[in-house]
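Architecture and fold: a report
Each chain, written out:
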Amino acid sequence: QLKIDFRSQVAIAFLAFLATAALTGVIGNRADAFLVNNLPALLSQEITLRAGWLATVAMLIAGLLLFAIIGYEAALRNASNLNRINDALARNISTLYIPDSSRPEAQKNAKRVTRDLFKTIVKKRPFDTCGIAIYYPDPSGNYLRTWEWYSAPNENSESLGFYIGENSGRNAPIRARGIAGETFIDGETRIVHFQKDGTADNNLYMSFDRGTTSYRSLICVAILSDLDQSSIGVLCLYSREAKTFDSSGVRTIIESIAYRFSFVLLSFA
C-alpha cells in the first residue's frame, strides 16, 4: 500500500499550485491576446448587425406609415368626392319633386340634375379620366338604353341596347345582356379591363361603336330602389386608365354614388 507522508503531500500541493498558475497564465495571456486582437472586430460586427436590424425596422415602419398616409389621403379624397356629390344633390333636390308636374317634365328636371352631378363627379381624381352614363329601361322594358351620359370616353351609340327581357339569347348580339344588362339583372358590381387592341377580360362584354375615344376599363353598378332593392337602372363609368376602378375604396364610393342616383330616377318613375 502506497503511503504518502506529510512532506510529500506539501510537495505535491506546491507542484499542483505551480501547474495551475502556469496554465492559468498561459490561458489568460492567450485570452487577453485574443480579446485585444479580436474585440474591435466583434464589437464592429455586433454594431453592424444591430445597425442593420435597426435600419430594417426603420424602413418597415416608414413603409407602414407611408401606406397608412396614402390610404388616409385616399379615404379623405373619397369622402370629399362623396360630400361634393351630396352637396350637388342637395342643391337640386327641391327641383326633382315638383307637385303636379308631368312625367316628361319630371324626367327633364331629373336629367338636368343628373348632368350637374356628372360634372361634379368627373372634376377630380380618380374620375377625371372618366366618362359616365346611366342606362335605363326603355318603354318596352326589354332593353336598357342610354338615359344620360357625360364626357368621353363613353358608349353613346344610338344602337346601344342591353337586353333585360325574360328570354335572353346571349349568343345573338342584338339580344345579349352585356355587362350592363347582367348587372341590372343580378345587382352585382362588375369591373372590366381592356387590352390595347380592345379585347375585354370578361366574355359578357358586348362591343359597340365607342366613338372617337377608347377606354381601358369600366365599372357597372346597379342603381337600386330604396323601397325594395330592385334594380331601376345602371351607372357605368369608363376610364382611359386600366386600374382606375381596381381599388375597393373606389368601388365603394361608386356604389354610394349609384345610391344617390336612385333618388333622381325615382323622381319620375
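Just so you know, the residues in each chain are numbered from 1, in the order the chain's sequence is written. Residues qualify for local features only when their pLDDT is at least 70, as the model is predicted, and side-chain atom pairs are given and counted only at 80 or more; totals for whole chains, interfaces and linings, by contrast, use all residues. Calculated side-chain values reflect all of the structure's heavy atoms, with hydrogen atoms and water omitted.

1. Focus: the state of the cysteines
By convention in this document, the label disulfide applies to cysteine sulfur atom pairs within 2.5 Å. Applying the stated rule across the entire model yields one disulfide. Through a disulfide, Cys 220 is tied to Cys 236; the S-S separation comes to 2.5 Å. Note on the Cys 220 and Cys 236 pair: the S-S dihedral is about 95 degrees, so by sign convention the disulfide is right-handed. With Cys 220 in strand S5 (residues 217–224) and Cys 236 in strand S6 (residues 231–239), this residue pair connects regions lying 16 residues apart in the sequence. Numbering of helices and strands runs from the N terminus, with a helix taken as a DSSP run of H or I at least four residues long and a strand as a DSSP run of E at least two residues long.

2. Side note on the pairing of strand S4 (residues 190–193)
Each regular strand displays side chains that alternate between the two surfaces of the sheet. Remark: exposure states derive from per-residue accessible area (1.4 Å probe, protein chains only) relative to the maximum for the residue type, with buried under 20%, exposed over 50%, and partly exposed in between. Here S4 shows a clear split, with Arg 190 and Val 192 buried on one side and none of Ile 191 and His 193 buried on the other. The pairing criterion for strands is at least two bridges between them, as found by DSSP. Two elements, S4 and S5, share four bridges in a ladder whose sense is antiparallel. Across the sheet, Arg 190 pairs through a bridge with Cys 220, a residue of S5.

3. Some words on the side chain of Asn 202
Looking at the element boundaries, Asn 202 is found in the loop between S4 and S5. A polar contact is formed between the side chain of Asn 202 and the backbone nitrogen of Leu 204, at a distance of 2.9 Å. Contacts described as polar in this section are N or O atom pairs within 3.5 Å, which, within protein, must combine one atom able to donate a hydrogen with one able to accept it, while residues neighboring in sequence count only if both atoms come from side chains.

4. Observations concerning the nonpolar core
Within the largest apolar cluster, 29 residues are counted, with the highest numbers of intra-cluster contacts made by Phe 127, Leu 235, Leu 237, Ile 254 and Phe 261. Taken together, the elements giving at least two residues each to this core come down to helix H2 (103–121), strand S1 (130–137), S5, S6 and helix H4 (248–266). Ranked by residue count, the leading element in this core is H4, at eight residues. Residues count as neighbours in contact if any of their non-hydrogen atoms are within 4.5 Å of one another. Residue contacts for Leu 237: discarding those within four places in its chain leaves Phe 127, Cys 130, Gly 131, Ile 132, Ser 217, Leu 218, Ile 219, Phe 245 and Ile 254. Residues belong to one nonpolar core when they are buried, are Ala, Val, Leu, Ile, Met, Phe, Trp, Tyr or Cys, and are joined through side-chain atoms within 4.5 Å.

5. Here's the deal with the packing of H2 against H4
Here the axes come from fitting lines to C-alpha atoms, over the contacting stretch only for helices, and the angles between their N-to-C directions go from 0 to 180 degrees. Interaxial distance between H2 and H4 falls to 10 Å at its minimum, and their mutual angle equals 160 degrees. Here H4 runs roughly antiparallel to H2, going by the angle between their axes. Crossing of H2 over H4 shows right-handed handedness. From H2, Ala 110, Val 113, Thr 114, Leu 117, Phe 118 and Ile 121 reach across to H4, where they touch Ile 257, Phe 261 and Val 264. All amino acids are sorted into three groups, where Ala, Val, Leu, Ile, Met, Phe, Trp, Tyr, Cys and Pro are nonpolar, Asp, Glu, Lys and Arg are charged, and the leftover types, Gly among them, are polar. Tallied by class, the residues present in the contact of H2 with H4 amount to eight nonpolar, one polar and no charged. Every angle not falling under 35 degrees, over 145, or within 65 to 115 is termed oblique; those three ranges are roughly parallel, roughly antiparallel and roughly perpendicular. If you view the pair so one helix is near and one far, a crossing is left-handed when the near helix is turned anticlockwise from the far one by less than a right angle, and right-handed when it is turned clockwise.

6. Things to note about the sheet that holds S4
Strands sit in the order S3-S2-S1-S6-S5-S4 across an open sheet of six strands; the sheet is antiparallel. Among the strands making up the open sheet, the edge pair consists of strand S3 (162–163) and S4. Bridge count for strand S2 (residues 143–150) against S3 is two bridges, and the pairing is antiparallel. Within the sheet, the bridge partner assigned to Tyr 143 lies in S3 and is Tyr 163. In the packing of H2 onto the sheet, the strands contacted are S1, S2 and S6, and the crossing angle to S2 comes to about 55 degrees. Sheet strands in contact with helix H3 (residues 178–186) are S1, S2, S3, S4, S5 and S6, and its direction is about 140 degrees off that of S6.

7. Some words on H4
Expected helix span is given by 1.5 Å per residue-to-residue step, counting one fewer step than there are residues. For H4, which comprises 19 residues, the first-to-last C-alpha distance of 27 Å matches the rise-based estimate of 27 Å (1.5 Å per residue) to within 8%. Those residues of H4 that fall on the buried side of the exposure criterion are Val 250, Ile 253, Ile 254, Ser 256, Ile 257, Ala 258, Arg 260, Phe 261, Ser 262, Val 264 and Leu 265.

8. Notes on unusual backbone geometry
Peptide bonds are, in most cases, trans, and in most cases residues other than glycine have a negative phi. Between Arg 125 and Pro 126 the backbone carries a cis peptide bond, its omega angle lying at 0 degrees. With respect to the secondary-structure elements, Pro 126 resides in the loop between H2 and S1. Look at Gln 229: it is not a glycine, yet its phi comes out positive at around 60 degrees. Looking at where Gln 229 falls in the secondary structure, it is placed in the loop between S5 and S6. Residue Gln 229 is classed as partly exposed on the basis of its relative accessible area of 49%.

9. What about the packing of aromatic side chains?
The description of an aromatic ring pair uses the distance of the two centres, along with the angle that the planes make with each other. Aromatic pairing here means that ring centres of Phe, Tyr or Trp (its six-membered ring) are within 6.5 Å. Orientation follows from the plane angle: under 30 degrees is stacked, over 60 is edge-to-face, and everything else is tilted. In this structure the tally under the stated criterion is 10 aromatic pairs. On the numbers, 5.1 Å between centres and 75 degrees between planes, the contact of Tyr 143 with Tyr 163 is edge-to-face. On the criterion of sequence distance, the pair formed by Tyr 143 in strand S2 and Tyr 163 in strand S3 is long-range, its members being 20 residues apart. With centroids separated by 5.5 Å and ring planes inclined at 15 degrees, the aromatic side chains of Trp 147 and Phe 268 adopt a geometry described as stacked. With Trp 147 in strand S2 and Phe 268 in the segment after H4, this pair connects stretches of sequence that are 121 residues apart. Residue classification places Trp 147 among the buried residues on the basis of a relative accessible area of 6%. Accessibility expressed as a relative area gives 4% for Phe 268, which makes it buried. One aromatic cluster is present, built from ring pairs that chain together Phe 194, Tyr 205, Tyr 215 and Tyr 238. If you follow Arg 145 out to its NZ or CZ, it ends over the ring of Tyr 143, 4.8 Å from the centre. Both a distance and an angle decide whether a charge sits over a ring: NZ of Lys or CZ of Arg must be within 6 Å of the ring centre and within 35 degrees of the ring normal.

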